Amino acid sequence: VTLSANGMTDTLSLVSDGLYRTNNITGISGAEYNFAAALVDGIYTSISLMPLKTNLDSVYTTTISGGGFGGVSRKINVVPKYRDPEGVRNYYRFILYVNGQQTEDIFVQSDESRDGQIIRQPLRPRNDIHTGDVLTLEMQCIDENVYKYFYALSLNFTQGLNQTQTPSNPPTNIVGGKLGYFNAHTTQRKNVIAP
């Protein structure tokens, strides 16, 4: 497995199954990264552009109360607040950790129809969040191809048991016929305690 960027190429070190680390290349916003993997059945390549970082201003929670079976239900949502840069198409992925454990939720957002605005779109986790839970939200600025992958995956993921159509594979940005994605992204995290 090799990674190339800014005129440098590095053979990556295997850390664990599916996780590799570079020893020489650092992430730079605005740079293009080239990935290549030579496997028994062929060579697989991909390109990902690391976008400029959009600052995650804050993270807070909102509570929605309502009916539900057997009485009143209370649902806690997580809300990232950030100002989208004006005049540039931007895509975001959010990863939620509850008490240090990553949830299985898939959250992506784009700035379509919200270019340059302050965005406060709630993230609605599938599992309940409880008072006192420590919530960590990771915000990644991602390129369009990675957004399309996770957006399609989220549509399959949210259909549940009452699907109206057969789920399909998300569009990959890997050339060579393998399912998956290559993602050069910015990252930042903020914590909040559930009320």
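None of the values given here were measured: they were computed from a predicted structure.

Participant: Lay out the side chain of D105 in plain terms, naming residues and giving numbers.
Facilitator: Turning to its location among the elements, D105 is positioned in the loop between β10 (101–102) and β11 (107–110). A relative accessible area of 14% places D105 in the buried class. Polar side-chain contacts of D105 include one of 2.9 Å to the side chain of T103. Polar contacts involving the side chain of D105 include one to the main-chain amide nitrogen of R126, which spans 2.9 Å.

Participant: Break down the layout of surface pockets for me, with residues and values.
Facilitator: A volume near 1,000 Å³ is recorded for the largest pocket. L12, G18, Y20, F182 and N183 are, among the 28 residues lining the largest pocket, the residues nearest its centre. Looking at the lining of the largest pocket, the elements that each hand over two or more residues are β4 (19–21) and β5 (32–39). A total of four residues in the lining of the largest pocket trace back to one element, the largest contributor, which is β5. Of the residues that constitute the lining of the largest pocket, the class distribution is 17 nonpolar, eight polar and three charged.

Participant: Before we move on, can you summarise the pattern of salt bridges with the specific residues and values?
Facilitator: Counting across every chain of the model gives seven salt bridges. Each of E104, D105 and R126 takes part in one network of salt bridges that share partners.

Participant: Run through the nonpolar core, naming residues and quoting values.
Facilitator: Among the nonpolar cores identified, the biggest contains 19 residues, and V78, F94, L96, I129, L135, L137 and M139 are the most heavily contacted of them. Counting residues per element, the ones that place at least two in this core are β7 (56–66), β8 (73–83), β9 (91–98) and β13 (134–142). Apart from the residues within four sequence positions on either side, M139 is in contact with T54, L56, Y82, Y92, R93, F94, T186, T187 and Q188. The next biggest cluster of nonpolar side chains, apart from the first, holds 11 residues, and it includes I25, A31, Y33 and F182.

Participant: Please set out the sheet that holds strand β2 (residues 8–11) residue by residue, giving values where relevant.
Facilitator: Strand order across the open sheet formed by five strands is β2-β1-β5-β6-β14, with antiparallel pairing between neighbours. In this open sheet, the two strands that pair with only one neighbour each are β2 and β14 (174–175). Sheet topology note: the strand β1 (residues 2–5)/β2 ladder contains four bridges and is antiparallel. By the bridge assignment, S4 is partnered in β2 with T9.

Participant: Just give me the short version of the packing of aromatic side chains, but keep the residues and values in it.
Facilitator: Two aromatic rings are characterised by how far apart their centres lie and by the angle between their planes. Taken as a whole and judged by the stated rule, the model has eight aromatic pairs. Ring plane angle 40° and centroid distance 5.0 Å describe the contact between Y149 and Y181, whose orientation is recorded as tilted. Here the residue Y149 occupies a position in helix α1 (residues 144–158), and Y181 occupies one in the loop between β14 and β15 (186–193), the gap between them amounting to 32 residues. For Y181, a relative accessible area of 33% translates into the label partly exposed. Joined through ring pairs, the aromatic side chains of Y82, Y92 and F94 make up one cluster.

Reading guide: rules and limits
- Residues numbered from 1 in each chain as written.
- Predicted model: local features only at pLDDT ≥ 70, side-chain atom pairs only at ≥ 80, totals over all residues.
- Heavy atoms only, no water.
- Helix = DSSP H or I, 4+ residues; strand = E, 2+ residues; numbered from the N terminus.
- Buried < 20%, exposed > 50% of the residue type's maximum accessible area, 1.4 Å probe, protein only.
- Polar contact = N/O pair within 3.5 Å; in protein donor to acceptor, adjacent residues only side chain to side chain.
- 1 Å grid on protein atoms, 1.4 Å probe; cavity = no way out; pocket = protein on both sides within 12 Å on 5 of 7 lines; lining within 4 Å.
- Points joined across faces, edges and corners; volume = space filled by probe spheres on them.
- Nonpolar A, V, L, I, M, F, W, Y, C, P; charged D, E, K, R; others polar.
- Salt bridge = Lys/Arg side-chain N within 4 Å of Asp/Glu carboxyl O.
- Core = buried A, V, L, I, M, F, W, Y, C linked by side-chain atoms within 4.5 Å.
- Contact = heavy atoms within 4.5 Å.
- Pairing = 2+ DSSP bridges.
- Phe/Tyr/Trp six-rings, centres within 6.5 Å; stacked < 30°, edge-to-face > 60°.

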